[in-house]
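Chain and residue survey
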Amino acid sequence: MASTADMEEGKLRALSDTYDSVYLHPNSYHCARLAAGTVLAVVDKVLSGELRNGLALIRPPGHHAQRERMEGYCLFNHVAIAARHARERRGLQRVLIVDWDVHHGQGTQFIFEDDPRVSYNTPSVLYFSVHRYDNGAFWPHLPDSDSSAVGRGQGCGFTINLPWNQPGMTDADYISAFLQLLLPVAFEFQPQLVLVAAGFDAAIGDPKGQMLVSPACFAHLTHMLLALAGGKVVLALEGGYNLHSLTEGVSAALGSLLGDPCPPLAGPAAPCPSALQSISKALGIHAQFWPSLQHVEVSALSTEDEGVEEALGETGGVPSPVELPCPEALPSLEAPPPRRPPACTGLVYDERMTQHYNMWDSQHPERPQRVTRALSRLQELGLERRCLRLPPRLATEPELLLCHSPEYVARLRATVGLRPRELHRAGSRYNSVYMCGESFEAACLAAGCVLSAVDAVLAGQVQNAVAVVRPPGHHAEPDAACGFCLFNSVALAARYAQQVAGRPLRVLILDWDIHHGNGIQHIFEEDPSVLYISLHRYDAGAFFPGGPAGGAGQVGRGQGRGYTLNVPWEEPRAGDLEYLPALLRLCLPVAYQFRPELVLVAAGFDAAQGDPLGGCLVTPQGYGTMAWLLATLACGRLILALEGGYNLAATAESLATCVRALLGDPPLAPPPVLALPLSPHPQPSALHALSLASAVHRTYWACLRLHVPSMDCDASEDRSPAPQEALPPDDLSSLGSLSLEDRSQEGMGSPDSVPVGWTRRKMKTEPELEGVGINPEGEEGPPEGAGLAAPDLPEDALYAVTPLSWCPHLSSVAPVPPAGLDILAPCQKCGCQGENWVCLTCYQVLCSRYVAGHMVAHGDASGHPMVLSFADLSAWCYDCEAYIHHPTLLPAKILAHRLKFGNELPALL
């Protein structure tokens, strides 16, 4: 290559002819070096934190160049060089290369096809290519471009080819490829850097690609990739031979890198049969390598759930989205892309909502601190000042009547001014509801704040919004309160948005609260203009609100059939491994086909790790990632409204990560300790739930009509708890009943595997008036021995506590003092040498709550939340009310273990 700079024209032509589709010029070597160096420069700036992401506009292209030969216009393989550089010079362990050029990047594949499998000591590169193949008839005409090529040796499974076998593939085909195949694997792989071989020869009008991908599609693909690697994404230009479509495609991708909302897509809403066939084949091949791609064959599914057999037996076409006069539905190539308004994210809150409280149980989970703590966390992180504060307001009676009956609204209004005895009676007529004199106003404020967010988003005042509101709303029926909910704020927001638009605006409601939103479902079950999707615990109908309404077979009624999509988890412990595949492989494909004009999220955070009611394991990063991905829809018009979430710290931190995502900050990368080794398998019951919901809805949604070879879901690496596993004392009452115990016990930190029973209430309530905290004169006051009694359990029951892998208070942990630790030190207050703890901020040694409680008092007085037990070396966070295990704690744990046992802490701990 270096010698070409001095060659004569004849020798250059002769040398060029020895390669496939290569031309050379005296400047070629210099230009190729400059192209490769430019990509390296951008990668270095991104990895150093100087840039968040990058785009390298370079030529000649590079992804066809192999180790020892030029090919296909390509001289040096810039992306491959950058990946090697990131690994060997920057110390990265996992690099993802995404190649969306219409031609297969065989050079990149061959360079990395035998790359070692990722492990604690072995770096790796994952290569994904979506390209035109035409069963081998399209250049480069290689069998290695087919989906059967998966890598070699230790690199098996780390090459993923998705070959298109016909021209004319559209936006819907590429979106489906990313959602169904690439992104589930990418989130499992957890790359530290994403490199994109960004060819734009699949764009509309390109003479070589002959595809129909709009410029907007490249914005969507780029935005999706920004959810990975903490947003460290670098695009390097490859092909693209129609100058107009190339320019538009690059501009759209750059817009996403800069934070612009994704513009509307063009062309068909559903992927074509040929695309589904290619995706299905690739899924079947790679499910053996990637647990996130596992599935259950339809024939193996249990269909005992009400409505499932009927839904599976239907034969019908795809329900087309309601035909609305929406000018954005099919934009032309000339349509200007949307831009973020100056204030990107709106924030609405009103302190008066805290005046709704339970007069008889100050520790009721739905308490005022839920919103005050969440708002305080946004302020601590500087997120509140980055948002535009929207004006709160009360929902008017005509607005409430959009979803609720006049009689019900009048009943709630009549509670204003009632005496405590009457308020208790008014609340007890509903399932798991309490009321006070201010409840009606607080519920009107909660609904009105969400409506204020709708006004701001539809008017373009803000791009998106978050409503920090209570009481929650998604359980509220048209004529009844239910499950802590009085007015159905999100349902009202959907109807209000349609009223403001003056037409049946297409609205997507995604409900990720751990409880099924029975109220929202019933309000819209006959309406095809609102798509309702719910991810929730179901436990065969035993989990609140109970009954069959949350089952996968409930798909809507009449014209609304297919527009209700339930994903019911059948056991606790669902986490990121279950929620992200559900979003990617089921919810988003359907949402993209629906093409919403507004997205509302019933954002309950009671599936968060550490929540006392949900028993699930979703991390703050998981919630932030879901919010980020949802922002690709509806040109970014997205509103999050707080629903449940009863661990104050987990709710506040999860909401904060969502606000970051709405503001345009890419989701945080998972901590290294969680990234390695590769993630375990999703729960088999979760795979069953996803496959069942997909099977039920493929009748209605063409995007789900994949036909993947079957597999056994009873994987040996299953991480779900065995039936005989011991259970923790976090919540001694049933998770099915969602009752709470006295929280004064230290071991309540793990709610994820408590006994499950059947009940239809969120909270136990006294059937009689006695004992509700009202004396014979009608004055309020806590009853004697207030608190809920724990249910009878076997005397020999054993419990296991699963610590949280992260909490927001780890920053309070200080380095171990130079003097070290004294594990035999007495309590510094009372001299007790029994069960002592050490504060991990100031390193005072004090006794536990079961002795004299001096460490508890110290935590209250000092605000130091993290402590370490000298008895069992467990770490506890007072603010999270949970045990914690995280690398930040290891220095203190390792030293204490060495002093206590005379040897090193086992490596697995």
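Residues numbered from 1 in each chain as written. Predicted model: local features only at pLDDT ≥ 70, side-chain atom pairs only at ≥ 80, totals over all residues. Heavy atoms only, no water.

Here we take up helix α21 (residues 684–697). For α21, spanning 14 residues, the distance from its first C-alpha to its last is 20 Å, which sits close to the expected 20 Å at 1.5 Å a residue. Among the 14 residues that make up α21, 13 are buried, leaving the element largely enclosed by the rest of the structure. (Helix = DSSP H or I, 4+ residues; strand = E, 2+ residues; numbered from the N terminus. Expected span 1.5 Å × (residues − 1). Buried < 20%, exposed > 50% of the residue type's maximum accessible area, 1.4 Å probe, protein only.)

Glancing now at the packing of aromatic side chains. In total, this model carries 21 aromatic pairs according to the counting rule given. With 5.7 Å between their ring centres and 45 degrees between their planes, W100 and F218 make a pair best called tilted. With W100 in the loop between β2 (94–99) and α4 (106–112) and F218 in helix α6 (residues 215–225), this residue pair connects regions lying 118 residues apart in the sequence. Neither residue differs from the other here; W100 and F218 are each classed as buried. When the ring of F605 is compared with that of Y623, the centres are 4.8 Å apart and the planes differ by 75 degrees; the resulting orientation is edge-to-face. Residue F605 is located in the loop between β13 (598–603) and α18 (620–630), and its partner Y623 is located in helix α18; the two are separated by 18 residues in the primary sequence. One aromatic cluster in this structure is built from Y408, Y430, F440 and F487. (Phe/Tyr/Trp six-rings, centres within 6.5 Å; stacked < 30°, edge-to-face > 60°.)

Turning next to helix α19 (residues 648–663). Look at α19: 22 Å from first C-alpha to last across 16 residues, which is about the 22 Å you get at 1.5 Å a residue. Among the 16 residues that make up α19, 16 are buried, leaving the element largely enclosed by the rest of the structure. N-capping of α19 is provided by N647, with a side-chain oxygen placed 3.1 Å from the backbone N of A649. At the C-terminal side of α19, G664 shows a positive phi close to 100 degrees. (Polar contact = N/O pair within 3.5 Å; in protein donor to acceptor, adjacent residues only side chain to side chain.)

Take unusual backbone geometry next. Note that the residue after R59, namely P60, is joined by a cis bond; omega there is 5 degrees. Relative to the assigned elements, P60 resides in the loop between β1 (54–56) and α3 (78–88). Between R470 and P471 the backbone carries a cis peptide bond, its omega angle lying at 0 degrees. Examined against the element boundaries, P471 turns out to sit in the loop between β9 (464–467) and α15 (489–501). Backbone geometry at N135 places phi at a positive 55 degrees, although glycine is not the residue there. Note on placement: N135 falls in the loop between β3 (124–132) and β4 (159–164). What makes N135 exposed here is its relative accessible area of 62%.

For the rest of this paragraph, the subject is the confidence of the model for the chain. With 82% of its residues at a pLDDT of 70 or more, the chain has an overall mean of 85. Overall, residues 118–123 carries pLDDT values under 50, and its contacts beyond four positions in sequence, including any with other chains, amount to 17 contacts. Segment residues 711–760: pLDDT under 50, and 159 contacts once partners within four positions in sequence are set aside and those in other chains are kept. (pLDDT = per-residue confidence, 0-100. Contact = heavy atoms within 4.5 Å.)

If you trace the eight strands from one edge of the open sheet to the other, you get β8-β7-β9-β14-β13-β10-β11-β12, paired in parallel fashion. One side of each edge strand has no neighbouring strand; the edge strands of this open sheet are β8 (388–389) and β12 (564–569). Sitting on the sheet, α15 is in contact with β10 (507–511), β11 (530–537), β13 and β14 (638–642), with an inclination near 170 degrees to β13. (Pairing = 2+ DSSP bridges. Axes fitted to C-alpha atoms, helices over the stretch in contact; angles between N-to-C directions.)

All right, on to the pairing of β9 then. Residue alternation in β9 divides its side chains into two sets, N464 and V466 and A465 and A467, and both sets are buried. Both strand β7 (residues 345–348) and β9 contribute to a ladder of four bridges, which runs parallel. Across the sheet, the residue bridging to L347 is V466, located in β9. Looking at chain direction, β9 and β14 are connected through four bridges and run parallel. The partner of N464 across the bridge, within β14, is L638.

Right, let's get into the packing of helix α14 (residues 439–458) against α15. Interhelical geometry of α14 versus α15 gives an angle of 35 degrees and a closest axis separation of 9 Å. For the element pair α14 and α15, the recorded crossing hand is right-handed. From α14, A446, A447, V450, L451, V454, D455 and L458 reach across to α15, where they touch S489, L492, A493, Y496, A497 and V500. When its residues are assigned to classes, the contact of α14 with α15 shows eleven nonpolar, one polar and one charged. (Left-handed = near helix turned anticlockwise from the far one by under 90°. Nonpolar A, V, L, I, M, F, W, Y, C, P; charged D, E, K, R; others polar.)

The full count for this structure, using the stated rule, is seven cavities of 30 Å³ or more. Here the largest cavity is characterised by a volume of approximately 100 Å³. In terms of lining, the largest cavity is formed by 15 residues, of which the most central are Q609, P620, A650, L804 and W806. Here the element with the most residues in the lining of the largest cavity is α19; it accounts for four residues. Class assignment for the residues of the lining of the largest cavity results in ten nonpolar, four polar and one charged. (1 Å grid on protein atoms, 1.4 Å probe; cavity = no way out; pocket = protein on both sides within 12 Å on 5 of 7 lines; lining within 4 Å. Points joined across faces, edges and corners; volume = space filled by probe spheres on them.)

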